[in-house]
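# Understanding the architecture of this molecule
Chain residues, written in single-letter form:
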Amino acid sequence: AEYGRGLTAGIPEYLWWFGCDNAYSTQGLTSMGEFETARDTLVLLKEYSEKHNGNGRIIHEVTTNGQVSNPGNSQETGHYITAVYNYWRWTGDTQTMAELYDTCARGIEWLLGEMDPDHDMLPSGYGIIEIKGLNVELIDTAVYTCQALYRMYEMSKALGRENPAYLEQGDALRKIINTRLWDEKEQLFVDAVGTPAQI
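Residues numbered from 1 in each chain as written. Predicted model: local features only at pLDDT ≥ 70, side-chain atom pairs only at ≥ 80, totals over all residues. Heavy atoms only, no water.

Opposite charge on two side chains lets them pair, provided their charged atoms get close. According to the stated counting rule, one finds nine salt bridges in the structure shown. A salt bridge links glutamate 50 to arginine 106; the nearest nitrogen and oxygen atoms lie 2.3 Å apart. In this pair, glutamate 50 sits in helix H2 (residues 35-52) while arginine 106 sits in helix H4 (residues 94-112), placing the two residues 56 residues apart along the sequence. The partly exposed category is assigned to glutamate 50, whose relative accessible area is 21%. Here the residues in one salt-bridge network are Arg5, Arg39, Asp40 and Glu99, joined through shared partners. (Salt bridge = Lys/Arg side-chain N within 4 Å of Asp/Glu carboxyl O. Helix = DSSP H or I, 4+ residues; strand = E, 2+ residues; numbered from the N terminus. Buried < 20%, exposed > 50% of the residue type's maximum accessible area, 1.4 Å probe, protein only.)

Written out as structure tokens, the structure reads:
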């Protein structure tokens with residue numbers, strides 16, 4: 001059966017598809033004019049994410065026989081939303097952006113709902129660095145979520161569905177990142193926030 005067409009992570013070891021890798025790679029594809037491959041990749045990730053998760057969460061990894069071994073790290077959902085936005089800005093393909101928009105909107109709901117049980121706007125879960133035990137509030141997930149909120153606002157406006165809540169949430173999360181995740185003493189952003197037991 002044909003499962004879809006999209007950019008793989010790389011020969012020889014990774015001949016299948018990844019959410020995180022392709023959120024990066026589709027930016028390179030669009031800058032080179034490889035619009036069709038970028039589009040197909042984003043659509044493939046959306047289709048498998050909807051089939052496997054159904055809640056806007058973007059999968060981490062799907063093999064060429066359709067098996068999903070990781071339903072998605074938290075960072076990948078915000079990252080994917082920005083990839084959709086970047087594809088749309090490079091190509092002007094509003095039709096594809098519109099097709100992907102509802103999945104992106106559900107992704108924001110998942111990040112700030114299920115993945116934020118303490119309602120502090122910092123989604124929990126694994127991020128780019130997949131180290132056992134780092135299933136906490138991570139700066140990469142926070143930053144990608146903040147960026148995704150601003151992107152969602154721009155896309156909602158372009159579709160005639162302007163949603164000021166995205167802009168307000170983005171501003172609120174940016175403030176949290178620059179205060180709660182900033183260590184004044186060390187003059188650095190912290191990597192993770194969690195309880196002593198979690199860490």
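Turning to the packing of helix H5 (residues 139-158) against helix H6 (residues 164-179), a few remarks are in order. Close contact between H5 and H6 brings their axes to 8 Å; oriented N to C, the two are set at 160°. When the axis of H5 is compared with that of H6, the two are roughly antiparallel. The hand of the H5/H6 crossing is left-handed. In this structure, H5 contributes Ala142, Val143, Thr145, Cys146, Leu149, Tyr150, Met152, Tyr153 and Ser156 to the contact, and H6 contributes Pro164, Tyr166, Leu167, Gln169, Gly170, Asp171, Leu173, Arg174 and Ile177. Class assignment of the residues belonging to the contact of H5 with H6 gives a composition of 12 nonpolar, four polar and two charged. (Axes fitted to C-alpha atoms, helices over the stretch in contact; angles between N-to-C directions. Parallel < 35°, antiparallel > 145°, perpendicular 65-115°, else oblique. Left-handed = near helix turned anticlockwise from the far one by under 90°. Contact = heavy atoms within 4.5 Å. Nonpolar A, V, L, I, M, F, W, Y, C, P; charged D, E, K, R; others polar.)

The next subject is the environment of aspartate 93. With respect to the helices and strands, the residue aspartate 93 is situated in the loop between helix H3 (74-91) and H4. The spacing of aspartate 93 and phenylalanine 35 is 58 residues in sequence and 9.4 Å in space, taken between C-alpha atoms. Contacts of aspartate 93, omitting those with residues within four sequence positions, involve Arg39, Tyr87 and Trp88. For aspartate 93, the side chain forms a polar contact with the side chain of threonine 96, separated by 2.6 Å. (Polar contact = N/O pair within 3.5 Å; in protein donor to acceptor, adjacent residues only side chain to side chain.)

What follows covers the packing of aromatic side chains. By the definition in use, this model includes five aromatic pairs. Where tyrosine 85 meets tryptophan 88, the ring centres are 5.8 Å apart and the plane angle is 65°; that geometry is what we call edge-to-face. Highlighted residues: tyrosine 85 and tryptophan 88, both in helix H3, separated by three residues, approximately one helical turn. Exposure remark for tyrosine 85: the relative accessible area of 8% places this residue in the buried category. An aromatic cluster of three or more residues is present, and its members are Tyr14, Trp16 and Phe18. (Phe/Tyr/Trp six-rings, centres within 6.5 Å; stacked < 30°, edge-to-face > 60°.)

A few words now on the environment of glycine 170. Relative to the helices and strands, glycine 170 is located in helix H6. Judged by its relative accessible area of 0%, glycine 170 is buried. In sequence terms glycine 170 and methionine 32 are 138 residues apart; their C-alpha atoms lie 30 Å from each other. Beyond its immediate chain neighbours, meaning those up to four positions away, glycine 170 contacts Cys146, Leu149 and Tyr150.

Another aspect to go through is the sheet that holds strand S1 (residues 17-18). The strand order across the open sheet built from three strands is S1-S2-S3, with neighbouring strands paired in antiparallel fashion. Edge positions in the sheet fall to S1 and strand S3 (68-70), since each has one partner strand and no second. Of the strand pairs in this sheet, strand S2 (residues 61-62) and S3 are connected by two bridges, and their pairing is antiparallel. The partner of glutamate 61 across the bridge, within S3, is asparagine 70. (Pairing = 2+ DSSP bridges.)

The subject of this paragraph is H4. End to end, H4 covers 26 Å across 19 residues, agreeing with the expected 27 Å (1.5 Å per residue, within 8%). Of all the bends in H4, the greatest measures close to 40° and is centred on tyrosine 101. Three or more residues of H4 are buried, namely Thr96, Met97, Leu100, Tyr101, Thr103, Cys104, Ala105, Gly107, Ile108, Trp110, Leu111 and Leu112. Buried positions along H4 lie against H2, H3, H5 and H6. (Expected span 1.5 Å × (residues − 1). Bend = angle between axes of the 7 residues up to and from the residue.)

So, about the nonpolar core. Among the nonpolar cores identified, the biggest contains 44 residues, and Tyr80, Val84, Ile108, Met152, Met155, Tyr166 and Leu173 are the most heavily contacted of them. At the level of elements, helix H1 (19-31), H2, H3, H4, H5 and H6 are the ones that each hand at least two residues to this core. Those residues in contact with methionine 152, other than ones at most four positions away along the chain, are Ile81, Tyr101, Cys104, Ala105, Ile108 and Tyr166. (Core = buried A, V, L, I, M, F, W, Y, C linked by side-chain atoms within 4.5 Å.)

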